[in-house]
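Analysis of the macromolecular model
Now for the letters of each chain:
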Number of protein chains: 6
Amino acid sequence: MEPVYYLEVGKETSVFEHAWKTRLPVLIKGPTGCGKTRFVRHMAEKLELPLITVSCNEDTSATDLLGRHLLLDRETRWIDGPVARAVREGALLYIDEIAEARPDAIVALHSITDDRRELFLDRTGETLQAAERFMVAASYNPSYQRSMRELKPSTRQRFVGMSFSFPPEELEARVVSHETGIDGKTARALVKIATKTRSLTELALLEPVSTRLLVDAAKLIVSGLPPRLSGHTAIAEPTTDDPDALAAVRQIIDLHM
Amino acid sequence: MEPVYYLEVGKETSVFEHAWKTRLPVLIKGPTGCGKTRFVRHMAEKLELPLITVSCNEDTSATDLLGRHLLLDRETRWIDGPVARAVREGALLYIDEIAEARPDAIVALHSITDDRRELFLDRTGETLQAAERFMVAASYNPSYQRSMRELKPSTRQRFVGMSFSFPPEELEARVVSHETGIDGKTARALVKIATKTRSLTELALLEPVSTRLLVDAAKLIVSGLPPRLSGHTAIAEPTTDDPDALAAVRQIIDLHM
Amino acid sequence: MEPVYYLEVGKETSVFEHAWKTRLPVLIKGPTGCGKTRFVRHMAEKLELPLITVSCNEDTSATDLLGRHLLLDRETRWIDGPVARAVREGALLYIDEIAEARPDAIVALHSITDDRRELFLDRTGETLQAAERFMVAASYNPSYQRSMRELKPSTRQRFVGMSFSFPPEELEARVVSHETGIDGKTARALVKIATKTRSLTELALLEPVSTRLLVDAAKLIVSGLPPRLSGHTAIAEPTTDDPDALAAVRQIIDLHM
Amino acid sequence: MEPVYYLEVGKETSVFEHAWKTRLPVLIKGPTGCGKTRFVRHMAEKLELPLITVSCNEDTSATDLLGRHLLLDRETRWIDGPVARAVREGALLYIDEIAEARPDAIVALHSITDDRRELFLDRTGETLQAAERFMVAASYNPSYQRSMRELKPSTRQRFVGMSFSFPPEELEARVVSHETGIDGKTARALVKIATKTRSLTELALLEPVSTRLLVDAAKLIVSGLPPRLSGHTAIAEPTTDDPDALAAVRQIIDLHM
Amino acid sequence: MEPVYYLEVGKETSVFEHAWKTRLPVLIKGPTGCGKTRFVRHMAEKLELPLITVSCNEDTSATDLLGRHLLLDRETRWIDGPVARAVREGALLYIDEIAEARPDAIVALHSITDDRRELFLDRTGETLQAAERFMVAASYNPSYQRSMRELKPSTRQRFVGMSFSFPPEELEARVVSHETGIDGKTARALVKIATKTRSLTELALLEPVSTRLLVDAAKLIVSGLPPRLSGHTAIAEPTTDDPDALAAVRQIIDLHM
Amino acid sequence: MEPVYYLEVGKETSVFEHAWKTRLPVLIKGPTGCGKTRFVRHMAEKLELPLITVSCNEDTSATDLLGRHLLLDRETRWIDGPVARAVREGALLYIDEIAEARPDAIVALHSITDDRRELFLDRTGETLQAAERFMVAASYNPSYQRSMRELKPSTRQRFVGMSFSFPPEELEARVVSHETGIDGKTARALVKIATKTRSLTELALLEPVSTRLLVDAAKLIVSGLPPRLSGHTAIAEPTTDDPDALAAVRQIIDLHM
């Protein structure tokens with residue numbers, strides 16, 4: 001498998017490496033599709049750590065993380081959840097959208113995010129001491145958490161933090177080209193469109209246009225769909241349902257393609 | 001089985017084909033009964049893909065999509081849910097009304113809608129790599145989602161999008177005739193009724209009159225029920241309970257039939 | 001068993017017969033006790049269809065409609081729910097108060113109310129093709145649904161509709177006489193009371209006095225209870241708890257008896 | 001066992017007997033402790049019907065009424081609930097505080113409260129035809145239901161109704177004497193206290209002082225507790241927690257004893 | 001075991017004894033820590049009744065009170081809950097904080113708190129007639145129930161009532177001395193502190209300082225902690241988190257010690 | 001294992017020791033990361049008590065504390081929960097964030113926090129008398145409980161209390177140095193940053209910067225990350241998501257490093 005492509009924006013690699021050296025848990029904040037997950041995959045490769053990912057949602061409970069007894073072939077067997085597996089094997093555990101998970105899930109992570117570094121499986125009575133290479137990273141999108149669930153301070157202050165945003169234009173264009181093989185000029189035009197819409201706060205988009213959407217648009221163009229239609233399909237439609245906002249985003253696309 | 005009848009309105013077929021070539025998930029937005037489901041069935045036939053459909057509701061959970069252990073003949077057997085089946089067999093998976101589903105169901109789709117294209121079955125510990133021909137389409141009705149559940153941006157931005165609305169009058173009349181065998185003139189009259197009511201926003205109908213309702217009215221007429229009574233039964237009553245709105249729609253029907 | 005007594009008010013029988021010929025699902029709207037259920041029983045007899053009824057409530061789920069596995073005599077057996085039974089046997093399925101049911105129950109009906117006419121039992125993995133004579137009718141009371149649950153447009157537009165209200169006075173009196181053997185004069189007096197209270201919207205009754213209540217009052221009179229006391233017991237008390245409204249309804253009764 | 005002591009206030013016995021002759025379900029409305037339950041026990045004796053009582057609460061479900069499978073001695077056995085038992089045995093079924101029960105419980109009663117008189121046990125697939133002597137009575141307290149759950153009109157209109165209130169003074173005093181053996185003068189004084197507090201609507205008591213409380217006070221007096229202290233204990237304290245209202249009720253007691 | 005120490009404040013012992021003679025259920029109202037539970041333990045000793053206590057909370061259900069089937073050593077065995085045990089054995093049943101329990105739990109108590117004195121175990125189908133010496137007492141704190149759950153009148157009016165508050169100063173000081181062996185002067189100082197804070201309604205304490213807290217403070221003093229620090233620890237801190245109120249209570253303590 | 005490092009701030013050790021001598025439960029109040037847990041670990045060592053910790057969350061129920069039956073190797077075995085274990089073994093039981101737990105969990109602790117010192121396991125019918133050395137400590141953060149769950153007075157008044165806040169600057173700097181080996185000057189600078197941000201109430205931070213975060217920052221500095229970047233990562237990011245507050249905290253960091 002070829003290595004994950006990642007372009008450094010600031011000093012995020014260095015911060016992560018020092019967190020790894022001191023085994024401090026890392027909380028990565030930033031908007032949807034800005035590269036948080038890709039960065040974690042990149043760091044796992046660089047540090048030669050196996051990566052175990054959990055995507056949280058409003059129903060994620062401690063059981064989902066720690067494990068459960070399953071009735072298999074008429075026998076009850078304990079199946080480790082992703083957190084227990086990561087703790088045992090010494091993996092990099094990545095908790096995507098941690099603020100979404102239910103409180104019992106989040107509290108179950110407390111003892112592995114402080115100096116105890118141990119995990120208590122209350123269903124089996126087992127206490128796991130984390131393997132030496134075990135580390136925790138978590139992601140969190142502050143912008144749409146504001147009106148929903150908040151991470152409690154007693155959880156937040158167990159992590160050191162990093163804020164991500166979109167890369168500078170030149171870097172983002174290089175990512176788009178690298179991922180899709182599209183020519184540099186079209187890549188730059190796509191990034192221009194993104195930058196423009198991201199600055200138009202009066203559009204009230206749910207979330208800014210992500211790098212991921214630029215990559216999707218480029219893929220459609222490369223596959224032969226006309227550029228403007230590709231932009232409408234991959235950039236405008238996923239960003240908003242509001243007819244006025246939709247028209248505005250389409251206009252920006254038509255202007256640059 | 002005869003092929004699904006579908007009349008192209010814009011470039012939707014071409015967009016879908018390029019999404020298929022690049023394996024990007026497609027989100028189809030539009031009002032009830034405008035032909036979203038029919039379009040997906042048409043594309044499945046055209047691309048020669050088996051079609052697996054899931055109709056979501058407020059109780060749809062990850063278990064409903066992924067599968068469950070069932071106790072059959074005193075033996076516990078794993079039964080694939082529709083998503084697991086589609087991933088294994090390489091089908092076109094169609095998630096109807098995706099915004100209705102519970103958050104754990106939606107998040108369970110994340111890993112098959114990005115470049116991982118894999119599905120994790122947490123109950124069996126199995127990770128399925130999607131078959132080469134696997135593709136995802138989803139539908140969504142923005143107009144009555146506005147005040148209810150919203151798709152989160154982190155889900156939306158995994159899809160490329162298409163907006164559907166009702167076909168132009170001439171095309172819609174051809175659909176009605178083709179489906180029911182009714183004469184062209186009556187078909188056009190029915191479409192006129194629909195167009196008229198759709199434009200009367202002061203009626204505050206829950207949803208515009210759909211093509212489906214015109215087809216139902218035509219069926220009743222063909223079966224021998226008088227045209228006006230058919231219109232009242234199949235167009236007016238399903239659209240509203242409000243006595244004033246009901247009277248207004250009936251008047252429009254009586255004017256054209 | 002003697003046939004269900006039903007007096008036609010408008011063209012409801014003809015509409016239902018054409019819906020049956022075209023196999024379109026029928027939604028019958030109207031207030032409590034106006035004869036919706038009786039009409040459906042009448043049509044089942046006329047069309048010689050077995051009738052299977054489901055009375056919905058806020059807890060009615062898909063499982064209640066489709067069926068469940070039961071542990072009987074230490075064996076797990078699948079028991080068809082009423083909808084599955086109707087689909088297999090080709091019955092007239094009557095879903096009473098459909099708007100009350102939970103969303104998963106309503107969505108489970110979608111595939112049997114469009115041209116697929118098939119039912120998917122997710123617990124057994126079975127897909128049932130509806131028997132040729134299978135048909136769906138549903139009832140719905142718009143007046144007290146207004147502030148509670150609403151049928152979603154994507155459900156409503158799968159049905160053709162009929163609005164019921166109370167029959168004209170002469171007809172209603174004939175129903176009361178036929179059901180109870182009461183003399184025509186008293187029957188007409190009872191109907192007068194009902195008509196009068198139905199028109200007094202300032203009483204703010206929860207629901208208009210139904211034909212059912214007139215029948216109950218007539219039964220009590222025939223059994224020997226004095227007419228006024230019968231009216232108070234069977235008409236006034238079930239209609240309201242408000243002391244002023246109660247007094248007003250009693251006064252109307254005393255005036256006519 | 002000696003017969004239930006019941007003093008008729010109006011024509012309630014006659015109304016109930018005619019409802020029984022016509023097998024119409026009876027809904028008895030009235031405040032706490034005014035004798036609704038005692039009246040039903042009296043009627044059961046008079047009509048020589050076995051009495052089966054269900055006291056409803058916010059958690060009462062259809063399962064509680066119809067029955068359930070229980071695992072006993074390693075065997076699964078069906079245990080009839082109180083409603084199924086009453087239907088099979090032909091008892092008088094008394095549903096105390098029906099408005100409290102959950103909607104699925106209330107709807108499960110629909111088919112035994114109309115002319116079908118049958119009960120469907122969905123867990124066993126059995127349909128029970130009610131025994132010839134089966135009858136339903138229910139009670140309901142409109143005064144504190146007003147702001148809580150309401151009986152739906154489609155349920156209410158299945159019953160004929162009777163409104164209960166407290167008996168006239170002389171009758172109520174006879175009840176108190178008969179139940180406790182207290183002398184007539186003290187009984188009348190207790191009733192005076194009740195009448196006085198019931199008329200003081202400015203006290204904002206949760207519910208009026210019931211006959212039951214007068215009986216309790218008389219019991220304490222007969223057992224040797226001083227009359228005023230008995231009144232404070234059995235009449236004032238159970239009626240209110242508000243210090244001012246408590247003082248007012250105590251003052252009324254001290255004035256009459 | 002030495003007898004429970006209880007000092008009578010008013011006529012509570014006599015009232016309870018007459019309630020016992022007439023087998024009327026007793027509801028004891030009063031603030032936290034004023035001696036309700038101790039009084040019940042005292043009465044149980046005096047009347048030579050075994051005492052069975054249930055502490056209710058928002059999750060207390062009928063099952064918790066009546067009992068449940070448990071799977072023990074592969075056998076299903078019925079285990080009586082505390083109420084069933086008390087009914088069978090003829091104990092004094094004490095329901096602490098009855099208003100907290102869930103409605104199904106409270107309603108399950110109805111038949112043992114009226115003249116039926118029987119308990120229906122719906123899970124076993126058994127009806128228990130209460131043993132001759134069975135009696136019910138319950139406690140309830142009106143001051144913080146006001147904004148939360150209320151006992152329904154239909155429950156309250158099954159009990160005779162008693163209001164408790166804190167004992168007069170001299171008596172309370174004797175309780176504190178007796179429980180801890182502290183000298184009379186310090187005991188009186190502690191009671192002075194309590195009386196003072198209880199009268200300062202502007203402090204907005206959640207609940208007045210209880211006798212229990214004075215006993216705790218005395219214990220710390222006797223064990224050697226300085227009096228003021230003991231007061232701060234056992235009286236001020238448990239009563240409030242508000243910095244201003246905390247300072248005010250501390251000042252009162254420092255003034256008297 | 002080396003002993004827990006703890007620096008006394010006031011008389012907390014003495015208060016805890018006297019609470020231990022009199023076996024009174026202790027409630028420790030204070031902000032996140034101020035050393036409550038460390039203090040309890042220190043006291044457990046000093047008093048030579050085994051320490052059993054429960055971290056509560058919104059889903060913590062009585063079952064989580066008391067224990068449960070588990071099906072292991074086809075046998076049902078009772079597994080003690082942490083509270084039952086502590087009661088049996090005579091450990092120091094530490095209930096972290098007690099106010100978060102569900103009410104049934106909190107009430108289950110009542111009988112071990114008063115003079116009964118016994119625990120009732122309702123699932124096994126067992127009553128455990130606490131071992132002689134058993135003691136309870138609990139923690140609670142009043143500042144963010146204010147708008148959420150409150151401990152009920154009937155629970156609070158079972159504890160004696162202690163308020164914790166951050167240690168004085170010199171002491172806090174010694175803690176930071178001791179934990180990380182950082183030089184005294186940088187440690188003092190870090191504490192200065194904390195003191196400064198804690199006093200800026202206009203920043204509206206969720207919680208003040210904790211000692212824990214200073215330790216994290218020192219660890220990153222010692223591991224080689226530049227001091228300012230370490231402060232941004234370990235102090236600014238975990239404390240707030242607000243861009244303005246973030247900038248303000250960063251500025252304070254840059255000023256002192």
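Residues numbered from 1 in each chain as written. Chains lettered and ligands numbered in written order. Predicted model: local features only at pLDDT ≥ 70, side-chain atom pairs only at ≥ 80, totals over all residues. Heavy atoms only, no water.

**Quick look at the pattern of salt bridges**
- This model, assessed by the stated rule, comprises 102 salt bridges over all chains.
- In this structure, the salt-bridge partner of E:D114 is E:R116, at a minimum N-O distance of 2.8 Å.
- Sharing partners across several salt bridges, the network here consists of A:K29, A:R156, F:E237, F:D241 and F:R250. (Salt bridge = Lys/Arg side-chain N within 4 Å of Asp/Glu carboxyl O.)

**Describing the interface of chain E and chain D**
- Listed as interface residues are 34 residues of chain E and, on the opposing side, 40 residues of chain D.
- Taken together, the two surfaces of chain E and chain D that pack against each other cover about 3300 Å², and 53% of this comes from carbon and sulfur.
- Put simply, chain E and chain D have four salt bridges between them.
- Residues E:K29 and D:D241 are paired through a salt bridge, measuring 2.8 Å at the closest nitrogen-oxygen approach.
- Viewed at the interface, chain D and chain E are joined by 15 residue pairs in polar contact (both at pLDDT 80 or more). (Contact = heavy atoms within 4.5 Å. Buried area = accessible area lost by both parts, 1.4 Å probe. Polar contact = N/O pair within 3.5 Å; in protein donor to acceptor, adjacent residues only side chain to side chain.)

**Side note on the packing of aromatic side chains**
- This structure, assessed with the given rule, holds 18 aromatic pairs over all chains.
- A centroid spacing of 5.3 Å and a plane angle of 45° characterise the contact between B:Y6 and B:F39, whose relative ring orientation is tilted. Note that B:Y6 is positioned in the segment before helix 1 (12-21) and B:F39 in helix 2 (residues 36-46), a separation of 33 residues in sequence. Across this residue pair, the class does not change: B:Y6 and B:F39 are buried.
- Through pairs of rings, three or more aromatic residues link up here, namely A:Y6, A:F16, A:F39 and A:F164.
- Across from the ring centre of F:F166, 3.7 Å away, lies the NZ or CZ of F:R198, which sits over that ring. (Phe/Tyr/Trp six-rings, centres within 6.5 Å; stacked < 30°, edge-to-face > 60°. Helix = DSSP H or I, 4+ residues; strand = E, 2+ residues; numbered from the N terminus. Buried < 20%, exposed > 50% of the residue type's maximum accessible area, 1.4 Å probe, protein only. Lys NZ or Arg CZ within 6 Å of the ring centre and 35° of its normal.)

**Comments concerning the relation of the copies chain F and chain E**
- The operation relating chain F to chain E is a screw motion whose rotation component is 60°, with 0.0 Å of axial translation and a residual RMSD of 0.0 Å. As the rotation angle and translation indicate, the two copies are arranged about a six-fold axis.
- Counting the interface residues of chain F, we find that no more than 3% of their copies in chain E are interface residues as well, pointing to two distinct contact surfaces. (Least-squares fit on C-alpha atoms with pLDDT ≥ 70 in both.)

**Some remarks on the interface of chain F and chain E**
- Between chain F and chain E, the contact holds 34 residues from the first and 39 residues from the second.
- Both sides together, the interface formed by chain F and chain E hides about 3300 Å², and carbon and sulfur atoms give 53% of it.
- Along the contact surface separating chain F from chain E lie four salt bridges.
- Joining chain F to chain E, the criterion identifies 15 residue pairs in polar contact (both at pLDDT 80 or more).
- Among the elements of the structure, helix 1 (12-21), strand 4 (75-80), helix 5 (103-108), helix 7 (153-156) and strand 9 (160-163) of chain F are those that each provide at least two residues to the side of chain F that touches chain E.
- If one sorts the elements of the side of chain F that touches chain E by residue count, helix 1 of chain F sits on top with five residues.
- Among the residues making up the side of chain F that touches chain E, the classes are represented as eleven nonpolar, nine polar and 14 charged. (Nonpolar A, V, L, I, M, F, W, Y, C, P; charged D, E, K, R; others polar.)

**Examining the domain arrangement of chain A**
All names here are of chain A.
- Once the domains are mapped, chain A shows domain 1 (12-163) and domain 2 (169-256).
- Taking only C-alpha atoms, the centre of domain 1 and the centre of domain 2 are 32 Å apart.
- Between domain 1 and domain 2, the buried area comes to about 450 Å², and carbon and sulfur atoms account for 40% of it.
- The largest per-residue losses of area from domain 1 upon contact with domain 2 belong to T32, G33 and R38, which jointly make up 69% of the total buried on that side.
- Seen at the junction of domain 1 and domain 2, the total is one salt bridge.
- Linking R38 and E179 is a salt bridge whose minimum nitrogen-to-oxygen distance equals 3.2 Å.
- In this assembly, domain 1 and domain 2 are joined by four residue pairs in polar contact (both at pLDDT 80 or more). (Domains from an automatic or database assignment.)

**Here's the deal with the pairing of strand 2 (residues 51-55) of chain A**
Residues and elements named next belong to chain A.
- Of the two faces of strand 2, the one lined by I52 and V54 is fully buried and the one lined by L51, T53 and S55 carries no buried residue.
- Looking at chain direction, strand 2 and strand 5 (residues 92-96) are connected through five bridges and run parallel. What sits directly across from I52, in strand 5, is L93. (Pairing = 2+ DSSP bridges.)

**Overview of the sheet that holds strand 1 (residues 26-29) of chain E**
Residue and element names in this part refer to chain E.
- Spatially, the five strands line up as an open sheet ordered 2-5-8-1-9, and their pairing is parallel. Each of the sheet's edge strands pairs with one partner strand only, and the pair in question is strand 2 (51-55) and strand 9 (160-163). For this sheet, the mean inter-axis angle between neighbouring strands, taken without regard to orientation, is 20°.
- Bridge count between strand 5 (residues 92-96) and strand 8 (residues 135-140): four bridges; the pairing is parallel. Residue pairing across strands places Y94 opposite A137, the latter belonging to strand 8. (Axes fitted to C-alpha atoms, helices over the stretch in contact; angles between N-to-C directions.)

**Quick word on the arrangement of the chains**
- In this structure chain B stays clear of chain D, and the shortest span between their C-alpha atoms is 15 Å.
- One finds no contact linking chain D with chain F; the least C-alpha distance across the pair is 15 Å.

**Quick look at the packing of helix 1 of chain F against helix 2 (residues 36-46) of chain F**
Residues and elements named next belong to chain F.
- For the pair helix 1 and helix 2, the least separation of the axes is 11 Å and the interaxial angle reads 55°. Judged by the inter-axis angle, helix 1 sits oblique to helix 2. Our pair here, helix 1 against helix 2, has a crossing hand that is right-handed. In contact with E12, T13, F16 and E17 of helix 1, helix 2 contributes F39, M43 and K46. (Parallel < 35°, antiparallel > 145°, perpendicular 65-115°, else oblique. Left-handed = near helix turned anticlockwise from the far one by under 90°.)

**Side note on helix 11 (residues 227-239) of chain C**
Residue and element names in this part refer to chain C.
- Its 13 residues give helix 11 an end-to-end C-alpha distance of 17 Å, which sits within 8% of 18 Å, the value for a rise of 1.5 Å per residue.
- Maximum bend of helix 11: about 25°, positioned at T233.
- For helix 11, the buried fraction is high: ten of the 13 residues fall into the buried class.
- Those residues of helix 11 not exposed but buried are S230, G231, H232, T233, A234, I235, A236, E237, P238 and T239. (Expected span 1.5 Å × (residues − 1). Bend = angle between axes of the 7 residues up to and from the residue.)

**A short note on the environment of E:Y94**
All names here are of chain E.
- Here Y94 shows up in strand 5.
- A relative accessible area of 0% means that Y94 is categorised as buried.
- A sequence separation of 152 residues divides Y94 from L246, and the C-alpha atoms of the two residues are 35 Å apart.
- In this structure Y94 touches K36, T37, V40, L51, I52, T53, V54, A137, A138 and S139, once residues within four positions along its chain are discounted.
- A polar contact is formed between the side chain of Y94 and the side chain of D96, at a distance of 3.5 Å.
- Here the side chain of Y94 touches S139 through a polar contact of 3.3 Å, side chain to side chain.

**Some details on the sheet that holds strand 8 (residues 135-140) of chain C**
Residues and elements named next belong to chain C.
- What the five strands build is an open sheet, ordered 2-5-8-1-9; its pairing is parallel. A strand with exactly one partner marks an edge of an open sheet, and here the two such strands are strand 2 (51-55) and strand 9 (160-163). Here the average twist between neighbouring strands, direction ignored, is 20°.
- This element, helix 4 (residues 82-89), spans strand 2 and strand 5 (92-96) of the sheet and lies at about 160° to strand 2.

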